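Given next are the chains, with one letter for each unit.
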Amino acid sequence: GAGVSQTPSNKVTEKGKYVELRCDPISGHTALYWYRQSLGQGPEFLIYFQGTGAADDSGLPNDRFFAVRPEGSVSTLKIQRTERGDSAVYLCASSLNPQTYNEQFFGPGTRLTVL
Amino acid sequence: LAKTTQPISMDSYEGQEVNITCSHNNIATNDYITWYQQFPSQGPRFIIQGYKTKVTNEVASLFIPADRKSSTLSLPRVSLSDTAVYYCLVGPDTGRRALTFGSGTRLQVQP
């Protein structure tokens, strides 16, 4: 079956612009997560959805970042007024819930570059 | 959340067994130890999880001593394709779902 897919794979934008990053989780996975990974670092948690609602958004760095999952499947991470420091790989993951293990299935990520 | 410490990098040769040790002195009673693998330009992939003693699957073994203050991921007979970053994570299996990654161990396998 298909894994987690993310689009676009690469996004280059200019400082101050708005971007949307899309995540298609594995079919049937009710939990969805967004992470951000900077070069040489491990992924950093941003937000977790259970179904349509954000169960934990404590990792969002500021109010320029927002994510939605209106129908409990596809999710969009939205970044307003992008800054150069937002450049990173944005990873999406999904999992079954309830889950027995801390096993999340990650997509390949979207590499965001803010010029 | 318990802090983890693991080597920044390791080198090995094809066919050797590789052991990566992770320290987690402040592990809590309800914490599990989970290892992920990440190849370049890919998202992390779950390898193995354990609570105590030894866990083995088709990919790796995880050794956890009785005090649980450390754990060792063992990769038998590595190949070039095992070159990746390996992350040790410690946290509860339920409740807060966010995974906390450190900087990981970069394993380079040479021919």
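Predicted model, so just to flag it, every value in this text is computed and none were measured.

## Some remarks on the layout of surface pockets
Estimates place the volume of the largest pocket at around 610 Å³. Lining the largest pocket are 29 residues, with Q37, L39 and R111 of chain A together with P40 and S41 of chain B sitting closest to its centre. If you list the elements that add at least two residues to the lining of the largest pocket, you get β9 (88-95) and β11 (110-114) of chain A together with β8 (84-92) and β9 (105-110) of chain B. Tallied by class, residues from the lining of the largest pocket come to 12 nonpolar, 15 polar and 2 charged. When its volume is computed, the second largest pocket comes out at roughly 250 Å³.

## As for the nonpolar core
Within soluble globular proteins, side chains that are nonpolar tend to cluster in buried spots. By size, the foremost hydrophobic cluster in this structure holds 21 residues, and its most contacted members are I33, W35, I47, L73, L75 and Y86 of chain B. For this core, the elements supplying multiple residues, two or more each, are β2 (18-23), β3 (31-38), β4 (45-50), β6 (61-64), β7 (70-75), β8 and β9 of chain B. Of all hydrophobic cores here, the second largest spans 20 residues; its members include F65, I79, Y90 and L112 of chain A.

## Remarks on the packing of aromatic side chains
Taken as a whole and assessed by the stated rule, the structure comprises 11 aromatic pairs over all chains. Between Y33 of chain A and Y48 of chain A, the ring centres sit 5.1 Å apart and the planes meet at 15 degrees, which makes this aromatic pair stacked. With Y33 of chain A in strand β4 (residues 31-37) and Y48 of chain A in strand β5 (residues 44-50), this pair connects stretches of sequence that are 15 residues apart. Residue classification places Y48 of chain A among the buried positions, given a relative accessible area of 8%. Relative to Y36 of chain B, the ring of F106 of chain A lies with its centre 6.0 Å away and its plane at 85 degrees, an arrangement referred to as edge-to-face. Within this pair, whereas F106 of chain A is found in strand β10 (residues 105-106), its partner Y36 of chain B is found in strand β3, the two belonging to separate chains. Of the residues examined, F106 of chain A reaches a relative accessible area of 12% and is grouped as buried. Assessed through its relative accessible area of 0%, Y36 of chain B is described here as buried.

## Points about unusual backbone geometry
Cis geometry is adopted by the peptide bond preceding P8 of chain A, which originates at T7 of chain A and carries an omega value of -10 degrees. In this structure, P8 of chain A sits in the loop between β1 (5-7) and β2 (10-13). Unlike most non-glycine residues, S41 of chain B shows phi in positive territory, near 65 degrees. One can find S41 of chain B in the loop between β3 and β4. Although it is not a glycine, T53 of chain B adopts a positive phi angle of roughly 55 degrees.

Calculation rules
- Residues numbered from 1 in each chain as written.
- Chains lettered and ligands numbered in written order.
- Predicted model: local features only at pLDDT ≥ 70, side-chain atom pairs only at ≥ 80, totals over all residues.
- Heavy atoms only, no water.
- 1 Å grid on protein atoms, 1.4 Å probe; cavity = no way out; pocket = protein on both sides within 12 Å on 5 of 7 lines; lining within 4 Å.
- Points joined across faces, edges and corners; volume = space filled by probe spheres on them.
- Helix = DSSP H or I, 4+ residues; strand = E, 2+ residues; numbered from the N terminus.
- Nonpolar A, V, L, I, M, F, W, Y, C, P; charged D, E, K, R; others polar.
- Core = buried A, V, L, I, M, F, W, Y, C linked by side-chain atoms within 4.5 Å.
- Buried < 20%, exposed > 50% of the residue type's maximum accessible area, 1.4 Å probe, protein only.
- Phe/Tyr/Trp six-rings, centres within 6.5 Å; stacked < 30°, edge-to-face > 60°.

Remember, this is a structural readout, not a statement about activity or role.
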